Amino acid sequence: MVDIADIEKSALGPVYPPSPRVVAEAHVKSMEEYRKMYDRSINDPVAFWGDIAKQFYWKGAPEGRVFDYNFSKSNGRIFIKFMEGIKTNVCYNVIDRNIENGLGDNVAFYWEGNEPGDDSKVTYSELKRRVCQFANVLKAKGVKKGDHVAIYMPMILELPIAVLACARIGAPHSVVFGGFSAESLVDRILDSKCCLLVTADGLYRGKKLIELKSIADQAFQILKDRNYSLKCCIVVRHLLEDLDKKGPQEPPKRPSNIGWNEELDCWWHEEVANVSDECEPEWLDAEDPLFLLYTSGSTGKPKGVVHTQAGYLLYAATTFKYSFDYHHGDVYFCTADVGWITGHSYVVYGPLANGAPSIVFEGLPVYPDAGRYWDIVDKYKVSKFYTAPTAIRSLMRFGPDYVKKYSRKTLKVLGSVGEPLNPEAWRFYYEVIGNGECSISDTFWQTETGGHVLTPLPGCTPMKPGSVCFPFFGIKPVVLNEDGNEVQGQSEGYLAISQAWPSTMRTVYGDHERYENTYFGKFDGYYCTGDGCFRDKDGYFWITGRIDDCINVSGHLTSTAQVESALIEHDLVAEAAVVSYPHEIKGQCLYAFLTLIKGAEFSDEVVVQLKQQVRQKIGSIAVPDYIQDAPGLPKTRSGKIMRRVLRKIARNDHQLGDISTMADSSIIETLFQLRPASL
Ligand code: PRX
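Note that the structure is predicted; figures quoted are calculated from it, not measured.

Conventions used here
- Every chain's residues receive numbers from 1 upward, in the order its sequence appears when written.
- Where totals are concerned, whole chains, interfaces and linings use all residues; where local detail is concerned, this predicted model gives features only for residues with pLDDT of at least 70, and gives and counts side-chain atom pairs only at 80 or more.
- Calculated side-chain values reflect all of the structure's heavy atoms, with hydrogen atoms and water omitted.
- Only buried Ala, Val, Leu, Ile, Met, Phe, Trp, Tyr and Cys residues count toward a nonpolar core, and they belong to the same one when joined by side-chain atoms within 4.5 Å.
- Only protein chains enter the accessibility calculation, which uses a 1.4 Å probe; a residue whose area is less than 20% of its type maximum is buried, one above 50% is exposed, and one in between is partly exposed.
- Any two residues having at least one pair of non-hydrogen atoms within 4.5 Å are treated as being in contact.
- Paired strands are those between which DSSP finds at least two bridges.
- Secondary structure elements are defined from DSSP: runs of H or I of at least 4 residues count as helices, runs of E of at least 2 residues count as strands, and each element is numbered from the N terminus.
- All axes here are fitted lines through C-alpha atoms, helices being fitted over the stretch that makes contact, and every angle between N-to-C directions spans 0 to 180 degrees.
- Any Lys or Arg side-chain nitrogen located within 4 Å of an Asp or Glu carboxyl oxygen qualifies as a salt bridge.

Draft legend 1. Representation of the nonpolar core. Core analysis: the biggest nonpolar cluster contains 127 residues, and Phe134 and Leu164 have the highest contact counts within it. Setting aside residues up to four positions removed in sequence, leucine 164 forms contacts with Cys91, Val94, Ile95, Phe109, Leu127, Val131, Val348, Tyr349 and Leu352. If you look at the next biggest cluster of nonpolar residues, it comprises 46 residues, including Leu240, Ile551, Val553 and Ala622.

Draft legend 2. Main features of the sheet that holds strand β23 (residues 491–497). Strand order in the open sheet made by the five strands is β22-β21-β23-β25-β26, with antiparallel pairing throughout. The open sheet has two free edges, formed respectively by β22 (486–487) and β26 (541–546), since each of these has just one partner strand.

Draft legend 3. Looking closely at the sheet that holds strand β12 (residues 265–267). Strand order in the open sheet made by the eight strands is β12-β11-β8-β6-β7-β14-β15-β24, with mixed pairing throughout. Whereas interior strands pair on both sides, the edge strands pair on one side only; in this sheet they are β12 and β24 (507–508). Pairing geometry for strand β15 (residues 303–308) and β24, over two bridges, is antiparallel. Along β24, the bridge assignment pairs valine 306 with threonine 507. Sheet strands touched by helix α7 (residues 158–169): β6 (148–151), β7 (173–175), β8 (194–200), β11 (232–236) and β14 (289–295). Its angle to β6, the strand with the most contacts, is close to 175°. Here helix α8 (residues 182–191) sits on the sheet and contacts β6, β8 and β14; the angle it forms with β8, its principal contact strand, is near 145°.

Draft legend 4. Seen up close, the pairing of strand β31 (residues 626–629). Of the two faces of β31, the one holding Tyr626 and Gln628 and the one holding Ile627 and Asp629 are both buried throughout. The sheet contact formed by strand β30 (residues 587–596) and β31 spans four bridges and is parallel. Among the inter-strand pairings, alanine 592 is bridged to a residue of β31, identified as isoleucine 627.

Draft legend 5. Examining the pattern of salt bridges more closely. Summed over the entire model, instances satisfying the criterion amount to 32 salt bridges. The salt bridge involving glutamate 419 is made with arginine 393; its shortest N-O contact spans 2.9 Å. In this pair, glutamate 419 sits in the loop between β19 (413–417) and α17 (423–433) while arginine 393 sits in helix α15 (residues 389–397), placing the two residues 26 residues apart along the sequence. The residues glutamate 419 and arginine 393 share a single accessibility class, namely buried. Note that lysine 586 is salt-bridged to aspartate 625, the shortest N-O span being 2.9 Å. Residue lysine 586 is found in the loop between β29 (573–583) and β30, and its partner aspartate 625 is found in the loop between α20 (604–617) and β31; the two are separated by 39 residues along the sequence. Overall, the relative accessible area of 23% leaves lysine 586 in the partly exposed class. Judged by relative accessible area, aspartate 625 falls into the partly exposed class, the value being 24%. Here the residues in one salt-bridge network are Glu112, Asp119, Arg372 and Lys379, joined through shared partners.

What follows is the structure in structure tokens.
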């Protein structure tokens, strides 16, 4: 959590005026103009989005109300409908439409591999051919409109191609981040009943080989044990392809062992060689689902967030255009993986909807050294750049020399997303990386919102370091107190949204009740973000952090309940409690307290086993940095673990506050003594 006293101090200043480099060409040139557009988007959303929709391709007309929703459980079922009845195809809109507008020879994606010098690109016309081919492969494998396709891939061009091919045939994609374990992949495949998997032989992240196909094979085994079968698994020959082209290298650039199941597996390159490169798009209803994407839930079970066609397309396109002030000629680089929502909206759909060239980067910010991002910026003449605070903080540690080695003179807008961009990191971003000449867009949003919710607009909004500034068009944020009443003026409370916007998530796949309870159950009539916020006297928003049992590690939400249940599955563990702990680079990391079963001894070996267990059950992103022995846990008389107290113990803070509800406080001193020696 960000300390409210620190925010109050930052809120008083300094304020950075819009950067002169961006002002002249900005789409929105003043706060007055922003307010005018904003008011229209709130008071007349149908006209506002209707004007934007004119650039895109539709068949027919909406039936009934263009924009209809219910945010109040007391009025019945929660729903959001946008342009229902009209037909469209998102893939057609982000590819074919651009070609018809004369952009066929423009680059759609640049691909930059893990190794410098390993690169390629694809124009809009080539992209269309490759997407159509793969769409035809999916059809030949029996995938039909409405079927779900799981995609578990590295950041290679085949990833957006697979995503767009699914969109073309109306088969919602469910992308699973390549860092997740076999079990996490299985959970997602089963929950969304995917019929086919697209994967690759493997990838390198820096010097680390990740054998994706063998993880997928483990997943197939688990699926088989659970009597679930897929139609097929399509495998991209990525590392082996490299080996074919360049010959064996040091270190060997290939997975050690590719398992192959003749009945299930097929190679991508062989399949696409046999099909046509033309594929008529499936004309879908505006409210048909476009994709599912899983996000952590506070109860532990990930939620399949569902986004639909028209609303998501318009919102991703519009936020991309305004939050990064995109203009024809810009080269745009978002460092996020397509396995996350940022990659969906701002590597694939948003940029392509604007006819922009987008960079797909396979590697890491620190490989081969900490100058990699800036090397890419100079190589492609990037003008709009988007990354996460954890990356900025990790690069800060390497000092300014790695940045200054590169010119970065093309940069204009620097975006951030995923967690609070603390003022110190903001200044490094602004002063060192942006040479004090670029605009910073600290964008607050969520998997559930589909696109930016609070953000400054480059060339328009005076910036306060650490603040996510003002609402994007169509977003009506409110600050609520504990009783669910809106508080006005300078205030602190729950960040909620009182009006639907086009890309509001439509449901949790297979569990609409969970959707209603999670997002609309706490405060009737409002979408609750699950984040706390502070609004200063000038109306600027500041995010204070999650108010549920999720912890934001390196910009990715991790459910404490899910990590606890992975730990408890170990034979020696009786009970586990996971809390957040500050981390210089990740922002926050996980700190676990473990009670072992009677007679078991806590040791380094147990810690190693437990970390391995979490890695295997969920993935490396959920592995706790610290695991401490806890012969007992502080609990209330009703048996609830007092995490607030555990957070203090982890931080060695003896000011525990009110512990009068604690059943037995004798354990506290022992827990302080057992803190890991490394702290
Ligand atoms: O807590 C907020 C934080 O990330 C959460 C959403 O996580 P996820 O759905 O994984 O999507 C991340 C990328 C959109 C939010 O509830 N968050 C996101 N952006 C910011 C942020 N916290 C502070 N400042 C931000 N700019």
